[in-house]
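# Residue-level structural notes
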Amino acid sequence: MNITDLNKFDKAVIVAFNGIGKEFRSRLMDMGIYENAHVVLLNKLSFGSLYLIEVDDIEICMRKADAIKIEVQK
Amino acid sequence: MIFLLAGNPNVGKSTLFNFMTQSHVHVGNYSGVTVEKRVHHIRYFEGANLVDLPGTYNVSPSSEDEGVVTYSLLNESYNGIINIIDSTHLKRNLHLTVQLLELGVPSLLVFNLKDALKNNGYIIDTDKISEILNVDSVRISARERNKDDQMNIVNKLKNIGAIKALELDYHEVIKAAMKEIHELLRYDQLQVKKKWLALQLLEGNDGIYKHIDLIKEKEIREIVKKTEAVIIENKIAFSLKGAIFNTRREFISNIVDECLIKVEDKEHSKYFNQRIDRVLTHPMIGIPFFLVVMFSVYQLSFGTFLGVGNLLTTYFEMFYEGIVINYISQFIEFIGFSGFMYGLIVDGVLAGIGGVLVFLPQILVLFFLLAILEGTGYMARVAIVMDKFLSKFGFNGKSIVPIITGFGCSVPAIMATRTIPDKKERIITILTIPFVSCSARLPIYSIIVSSVFEKHVALIIMGIYILGIIVTLLSAKLFSLSFFKGAGSKFLLELPPYRIPQLRTISYQALEKAKRFVKKAGTFILVGSIILWILSNVSLSSINVTPDTSLLSSIAGFIAPIFIPIGFGTWEATSALISGVLAKEVVVSSLEILYMGDVGSGFTMLSGLSFVVFSSLYVPCISTIATIKSETNSIKWTLFAVVYPFVVAYIVASIVYLIGGFFI
């Protein structure tokens, strides 16, 4: 499953990044989004086009196209 | 002595900088990039200066701003680093700290936001952190501007000493590669530790190649590539950077477990944030709320009802015309200037600069209000609610800040695009921002529309504004489908917690922008006014001629025929447009001079409308062009930014002229 499969306030662990380019991976890492990180889906915004997640107490917003590529496990 | 101030974005770095320092030593740019470099004196510390580095998560750059950090560490001379850390987000902040401590430079850790941390029910054992990391530290709350905190920092800086570089236990593959690169760096003269540089190169800090010519660059790149392959092949991590990151994360995680102590159970302030966010980023409420906020901002800056900015401008105008021009013109007469020189100084220079300076109060109010919106963290929410809409046009949610600023002035709007990390998206935004109708263009609309139309004046002006937005969006769409294919696909935004902005920080930001505006009046507009006045008062054979026999009328008359198909092929309208390139305000003042105060006499309803549409879209003013040049660093795009709007303006104006012909 990936981030878009989560329900609101579900907690999960990131297991893999599928098809995300090196540069964007690196930016995700800088913001604290890495393998084994714990995420909480806080909200789906703009009619489901954006996903607001929380990692290490930081709230980060990303597009659905990118959230789909982040594989998680509950 | 020189200290560098480094830290993550949004951790109170500017607040600390302003609080620690007094009088500035130097504000300029870093060489080669347009990022501003601020150096100030440290208060209560004779002879010590503080350099403000851009906020960054990592020493390796991911945008132009952040590239400065690597540059400074490699090339600037400094005696130590102050690393400011957001205590409420220790885990992420310490990644930068680890990288800085690996450098082995005298350092001081400043743990900020101790009050916010306490509100969350935690304290940090900073003594323990100091012990583990082997570096001095202080806990402060920069917002409180407490003198004890300040003296504490200064005393620690005075006693700052050499530290042993932090060494983490990286994977053997990485350690081996570090050794190999270290060997190859033997040939280079460097001011930083070679071991650190080797690790940074492995991590993918490509800024290093840009800033220093490594003799064995090719061999080093080979090793980095080879190591990356080994890491992935042996499933040590998903990437080389990931492997290094993982070791640091584990190290940091242990520190946080040991040093972050929960003292009481409190409802986390973040729930308060989230409750507000549920409303402000709500798909149905968010956008209307934003429109109301923006409407209020413009009303306060430019409106007549409750318009603080507008009122101040009126007073300023009275002061300028009544006192400044009056006294200077008397003085000039007194020292014996008359005729040509008198006209040049009073009607040319003073009137020209004044025409622009009178907008200063409005612009100051606008920038002040926008800085408040930024400072509270609201703009990040706006970026979210607007992302879906803007992404359809090849923009990014983050483009909303430059677009909004563009209604005030294109120059700061273009500078505000620096926060867009994707280079393509950034250039799209830069090239299209000038179509957003800036405040300098409003006088053109209001004077011409009100003099040729009897009814619906406000409606027509609003239409022109909307036209500007439509052209901006469509152009962005066009660019993202042609020159910049593949842009506009990424949006990653950290939602900062809401904060009450500090008056000092906000006034500083607003004043800095106002200063640039005044500088523009003192340079481009000064020169422009002189040239315009001279051209409209001399001919090839004599000086002191009337405008219609002047050199200006011959030059403009030569170009004017190209505007005949769109309705305003007169030399007066053409001169106004030419001089408007200096500054859009000048269009109106030129028309006023050339038509002797009766602008309406020069236009019919249809040609007036066509002229207004053309002038709202054509070539950006010189200050904007210069900013585009310095921000894109490309002559090609700068030329494009001049030619493209002219073509678009011509096409749109001819459509308006054609279609309008059926109705008017």
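Not measured: the values here are computed from a predicted model.

## What to know about the overall build of chain A
Secondary structure summary: chain A contains two helices and five strands in total. Ordered by position from the N terminus, the helices and strands of chain A form the series β-α-β-β-β-α-β. For chain A, whose C-alpha radius of gyration is 11 Å, the value lies close to the compact-globule estimate of 11 Å for 74 residues. Across its three principal directions, the C-alpha atoms of chain A cover 30 × 20 × 20 Å. Evaluated residue by residue, chain A yields a buried proportion of 64% over its 74 residues. Considering only contacts in chain A between residues 6 or more positions apart, those separated by 24 or more positions represent 55%. Counting every atom, chain A has about 3,000 Å² of accessible surface; 49% of that belongs to carbon and sulfur.

## With respect to unusual backbone geometry
Residues and elements named next belong to chain A. The backbone phi angle of F9 is positive, close to 70°, even though this residue is not glycine. The residue F47 is not glycine, and still its phi comes out positive at about 55°. Within the fold, F47 resides in the loop between β2 (38-45) and β3 (50-55). Take F47: its relative accessible area is 61%, and that puts it in the exposed class.

## A short note on the domain arrangement of chain B
All names here are of chain B. Partitioning chain B into domains gives domain 1 (2-158) and domain 2 (172-262). Its C-alpha centre places domain 1 at a distance of 23 Å from the equivalent point of domain 2. The interface is formed by 31 residues belonging to domain 1 together with 27 residues belonging to domain 2. Roughly 2,700 Å² is buried in total at the junction of domain 1 and domain 2, and carbon and sulfur atoms are behind 68% of that figure. Put simply, domain 1 and domain 2 have two salt bridges between them. The partner of E258 in a salt bridge is K128, with the nearest N and O atoms 3.3 Å apart. At the boundary of domain 1 with domain 2, the tally comes to ten residue pairs in polar contact (both at pLDDT 80 or more). Within the residue set of the side of domain 1 that touches domain 2, elements represented by two or more residues are α2 (64-75), α3 (90-101), β7 (122-124) and α5 (126-133). Of all the elements, α2 adds the most residues to the side of domain 1 that touches domain 2, at seven residues. Classifying every residue of the side of domain 1 that touches domain 2 gives 17 nonpolar, nine polar and five charged.

## Some thoughts on a positive patch on the surface
On the surface, K44(A), K64(A), K388(B) and K392(B) cluster together into a patch of positive charge. As for its position among the elements, K44(A) is in strand β2. The exposure class assigned to K44(A) is partly exposed, which follows from its relative accessible area of 38%.

## Looking at the pattern of salt bridges
Scanning the model with the defined rule gives 19 salt bridges over all chains in all. A salt bridge links K22(A) to E228(B); the shortest N-O distance between them is 3.3 Å. Of this pair, K22(A) sits in helix α1 (residues 22-30) while E228(B) is found in helix α10 (residues 217-233), placing the two residues in two different chains. Of the residues examined, K22(A) reaches a relative accessible area of 64% and is grouped as exposed. Bridged by salt links that share partners, the residues K13(B), R38(B) and D52(B) form one connected network.

Cut-offs and rules
- Residues numbered from 1 in each chain as written.
- Chains lettered and ligands numbered in written order.
- Predicted model: local features only at pLDDT ≥ 70, side-chain atom pairs only at ≥ 80, totals over all residues.
- Heavy atoms only, no water.
- Helix = DSSP H or I, 4+ residues; strand = E, 2+ residues; numbered from the N terminus.
- Rg over C-alpha atoms; globule rule 2.2 N^0.38 Å.
- Buried < 20%, exposed > 50% of the residue type's maximum accessible area, 1.4 Å probe, protein only.
- Contact = heavy atoms within 4.5 Å.
- Areas by Shrake-Rupley, 256 points an atom, 1.4 Å probe, with all protein chains shown as cover.
- Domains from an automatic or database assignment.
- Buried area = accessible area lost by both parts, 1.4 Å probe.
- Salt bridge = Lys/Arg side-chain N within 4 Å of Asp/Glu carboxyl O.
- Polar contact = N/O pair within 3.5 Å; in protein donor to acceptor, adjacent residues only side chain to side chain.
- Nonpolar A, V, L, I, M, F, W, Y, C, P; charged D, E, K, R; others polar.
- Patch = residues over 30% accessible without salt bridge, like charges linked within 9 Å, V, L, I, M, F, W, Y side chains within 5 Å.
- Lys, Arg positive; Asp, Glu negative; His and termini not counted.
- Charge placed at Lys NZ, Arg CZ, Asp CG, Glu CD.

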